[in-house]
Amino acid sequence: MFPRPHSLHLTEMSVWYCGFIFRNKNTGTHAILHPVSLNPPSREFGWRDPELPEVIQMLQHQFPSVQSNAAAYLQHLCFGDNKIKAEIRRQGGIQLLVDLLDHRMSEVHRSACGALRNLVYGKANDENKVALKNCGGIPALVRLLRKTGDVEIRELVTGVLWNLSSCDALKMPIIQDALAVLTNSVIIPHSNWDSSPNHHDDRKLHLHTSQVLRNATGCLSDMCRLSTVISKLLYPHTLRNVSSAGEEARRRMRECDGLTDALLYVIQTSLGSSEIDMPQMHVMDTDIIKAQWGRKHKTVENCVCILRNLSYRLAAETSHGQQVGLEELDGLLCDANGRDGESSGCWGNREYSNWDGVGPFPDTAEPPKGVQMLWHPTIVKPYLTLLSECSNPDTLEGAAGALQNLAAGSWKWSVYIRAAVRKDKGLPILVELLRIDNDKVVCAVATALRNMALDIRNKELIVQAVNLSPTNIKETQRMAILEEPCNTGLLDCAVISAGVVSLLEDMFQ
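All figures in this text were calculated on a predicted structure; none of them were measured in a lab. (Residues numbered from 1 in each chain as written. Predicted model: local features only at pLDDT ≥ 70, side-chain atom pairs only at ≥ 80, totals over all residues. Heavy atoms only, no water.)

A closer look at the overall build of the chain
Helix and strand content of the chain: 26 helices and 3 strands. In the chain, buried positions account for 51% of the 509 residues. Taking the contacts inside the chain whose residues are at least 6 apart along the sequence as the reference set, 68% of them involve residues at least 24 apart. In the structure as shown, the chain presents an accessible area of about 23,700 Å², 52% of it carried by carbon and sulfur atoms. (Helix = DSSP H or I, 4+ residues; strand = E, 2+ residues; numbered from the N terminus. Buried < 20%, exposed > 50% of the residue type's maximum accessible area, 1.4 Å probe, protein only. Contact = heavy atoms within 4.5 Å. Areas by Shrake-Rupley, 256 points an atom, 1.4 Å probe, with all protein chains shown as cover.)

Some points on the nonpolar core
With 113 residues, the main nonpolar core has Leu 97, Leu 164 and Met 253 as its most contacted residues. With 10 residues, the single largest contributor to this core is helix H9 (residues 171-191). The residues contacting Leu 97, other than those within four sequence positions of it, are Leu 59, Ala 71, Leu 74, Ala 112, Ala 115, Leu 116 and Leu 119. (Core = buried A, V, L, I, M, F, W, Y, C linked by side-chain atoms within 4.5 Å.)

So, the packing of aromatic side chains
All told, the structure shown has 2 aromatic pairs when counted by the stated rule. Judged by centre distance (5.4 Å) and plane angle (70°), the ring pair of Trp 375 and Trp 411 falls under edge-to-face. Taken together, the positions of Trp 375 in the loop between helix H18 (326-333) and helix H19 (380-389) and Trp 411 in the loop between helix H20 (393-407) and helix H21 (412-423) put the pair 36 residues apart, joining distant regions of the chain. Across this residue pair, the class does not change: Trp 375 and Trp 411 are buried. (Phe/Tyr/Trp six-rings, centres within 6.5 Å; stacked < 30°, edge-to-face > 60°.)

Things to note about the UniProt feature "repeat: ARM" (unreviewed entry) in the chain
If you check UniProt for "repeat: ARM" (unreviewed entry), the listed places come out as residues 92-127, 136-179 and 425-467 in our numbering. Helix makes up 67% of residues 92-127 and strand 0%, with an end-to-end C-alpha separation of 13 Å. (UniProt positions renumbered as here; feature names shortened; annotations may be inferred.)

Remarks on helix H8 (residues 151-164)
Given a rise of 1.5 Å per residue, 14 residues ought to cover 20 Å, and the 20 Å separating the end C-alpha atoms of H8 matches this to within 8%. In terms of residue burial, H8 counts as a mostly covered element, since 11 of its 14 residues are buried. Burial in H8 covers these residues: Ile 153, Arg 154, Leu 156, Val 157, Thr 158, Gly 159, Val 160, Leu 161, Trp 162, Asn 163 and Leu 164. Among the residues of H8, the N-terminal cap falls to Asp 150, whose side-chain oxygen and the backbone nitrogen of Glu 152 are separated by 3.0 Å. (Expected span 1.5 Å × (residues − 1). Polar contact = N/O pair within 3.5 Å; in protein donor to acceptor, adjacent residues only side chain to side chain.)

So, the packing of helix H5 (residues 106-119) against H8
Two elements in contact, H5 and H8, have axes whose closest approach is 9 Å; the angle formed by their N-to-C orientations is 25°. In this view, H5 runs roughly parallel relative to H8, as classed from their interaxial angle. Relative to H8, the crossing made by H5 is left-handed. Taking contact as the criterion, the partners of Ser 106, His 109, Arg 110, Cys 113, Gly 114, Leu 116 and Arg 117 in H5 are, on H8, Glu 152, Ile 153, Leu 156, Val 157, Gly 159, Val 160 and Asn 163. Classifying every residue of the contact of H5 with H8 by side-chain character gives 6 nonpolar, 5 polar and 3 charged. (Axes fitted to C-alpha atoms, helices over the stretch in contact; angles between N-to-C directions. Parallel < 35°, antiparallel > 145°, perpendicular 65-115°, else oblique. Left-handed = near helix turned anticlockwise from the far one by under 90°. Nonpolar A, V, L, I, M, F, W, Y, C, P; charged D, E, K, R; others polar.)

Considering the pattern of salt bridges
Applying the stated criterion across every chain yields a total of 18 salt bridges. Between Lys 298 and Glu 301 there is a salt bridge whose closest N-O contact spans 2.7 Å. In this pair, Lys 298 and Glu 301 both sit in helix H15 (residues 287-310), 3 residues apart, roughly one turn of the helix. The residues Lys 298 and Glu 301 share a single accessibility class, namely buried. Where Glu 432 meets Arg 435, a salt bridge forms, and the shortest distance between an N and an O atom there is 3.6 Å. (Salt bridge = Lys/Arg side-chain N within 4 Å of Asp/Glu carboxyl O.)

Some thoughts on unusual backbone geometry
The backbone of Asn 192 sits at a positive phi, close to 70°, despite the residue not being glycine. Within the fold, Asn 192 resides in the loop between H9 and helix H10 (201-208). Positioned with a positive phi, Arg 313 is a non-glycine residue whose angle comes to about 55°. As for its placement among the helices and strands, Arg 313 is situated in the loop between H15 and helix H16 (314-317).

Section: the environment of Ala 262
Within the secondary structure, Ala 262 is located in helix H14 (residues 259-270). On the accessibility criterion, Ala 262 (0% relative accessible area) is buried. For the pair Ala 262 and Trp 193, spaced 69 residues apart in the sequence, the C-alpha separation amounts to 5.5 Å. Not counting chain neighbours up to four residues away, the residues in contact with Ala 262 comprise Ile 187, Ile 188, Ser 191 and Trp 193.

So, the environment of Ile 379
Along the chain, Ile 379 falls in the loop between H18 and H19. Owing to a relative accessible area of 2%, Ile 379 belongs among the buried residues under this scheme. Sequence-wise, Ile 379 and Ala 420 are 41 residues apart; in three dimensions their C-alpha atoms are separated by 9.3 Å. If we skip the residues at most four places from it in the chain, Ile 379 touches Leu 264, Met 373, Leu 374 and Leu 406.

Thoughts on the confidence of the model for the chain
In the predicted model, the chain carries a mean pLDDT of 75, and the fraction of residues at 70 or more is 62%. Per-element confidence in the chain is highest for helix H4 (residues 93-100), whose mean pLDDT is 98, and lowest for helix H12 (residues 230-233), whose mean pLDDT is 38. The low-confidence segment residues 196-205, where pLDDT is below 50, has 4 contacts with residues more than four positions distant or belonging to other chains. (pLDDT = per-residue confidence, 0-100.)

Details of the side chain of Asn 451
Its place among the elements puts Asn 451 in helix H23 (residues 439-452). At 2.8 Å, the side chain of Asn 451 and the backbone oxygen of Gln 404 are in polar contact.

Quick word on the side chain of Glu 317
Here Glu 317 lies in helix H16. Within the structure, Glu 317 has its side chain in polar contact with the side chain of Arg 250 (distance 2.7 Å).

Digging into helix H24 (residues 456-466)
Asn 458, Lys 459, Ile 462 and Val 466 are the residues of H24 that are buried. With its buried residues spanning 100° around the axis, H24 presents them on a single face. Regarding H24, its N-cap is Asp 455, as a side-chain oxygen of that residue lies 2.9 Å from the backbone nitrogen of Arg 457 further along. (Arc of directions from axis to C-beta.)

Topic: the environment of Pro 189
Mapping Pro 189 onto the fold places it in helix H9. On the basis of relative accessible area, Pro 189 is assigned to the partly exposed category, the value being 36%. Considered as a pair, Pro 189 and Leu 213 are 24 residues apart in the sequence and their alpha carbons are 9.2 Å apart.

Written out as structure tokens, the structure is:
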């Protein structure tokens, strides 16, 4: 979900001196007032709509009011019209709008950002997105975000960046140019993580409703998204072709100071409140109230999805994981005789593998911080709380996907995560979500359960909690695909249902 384009709601009449373009307060339309010869020497004035080249040319006018109104008119003109958007690009309008981002007047910034946000909205306008990047648009947006204190302009700038982030070719340029500013100027201050403890709760909740925070987290969520097909998400051990840009983006985000802390803080401070979900609205509720609720739950959703993506392949992509040798990793699940390490003892014969979810966490002399928070067992409880309290399918899928990533493989922290989920009574929560009427959530939950079942005691508890035989589970999944249409498409639905059946069969072997 990206910031949608906006059409202008014009409430005033403003005159553009050169070209005499008027905005009519009654109709919200623009027109050019020009002399029309009737009976010389008398002259009267008539109206005509401005031509697109005229409006684009006025972006270079010497008067800021003319430039601002020209940009505002382009925003209005290209609303929902991809042909006009392409024509504006062909006539050089994007370059001129980018140039206005360095203007001295905030009103010009506001109109230029509004026009750019509409021009780059939607997958059909990827050419516009690339054109904006080639015009130096990303650094210009970052400069504006860094220097402006105007809330509306900051919302518009982050909205443009969010729309740009859906284009694969622009993910790394945005990471390179905008990650630090988005983190330090938006996410950390608006999350209220790194602030004085004297701040009141009402201020914290107000910051969490910020449209700027919603846009910034939405942008970063797209930055580290996995570039893989759904079928490969069903089988983590077969994932081999994740793009190098995706891995590099995740690495940079993990290393960004304060980002992980702030994202997790947003989630933790939202638990137990209405921020994690969109409440049921009555007819009398206003659009403003609905918008505020939408910002809250969408921000939490974005934060969860970022953390899920950053939790992917932690053992392989982080220095902490790479310090563990392959032999040591294999030894956690298999002893010298080839037996299952978890069935031959608590966690095999390794020195650090004797933690059973009881007592202090091993290998943690100090509280985790930064990237360490991604894999530390304390992160399990917030995810489980979301899974038990939230009804937003995207948030549920993100939280289950994070646990799926963390519990995969034989890294020592994956072993600890599996024990922590059992300790915090998370297995029944996951099993219950298998009954939810959402294919993607069920897929993520089933894959997480399969990873949890690498622990033999988890496997026994999962089988007890399911309360259905493998045959009945398989039949339930088959009936779901045959009787009801799938929201994710026929191919995806077939892959998801077949995958869930396979995953559940694994647990009952």
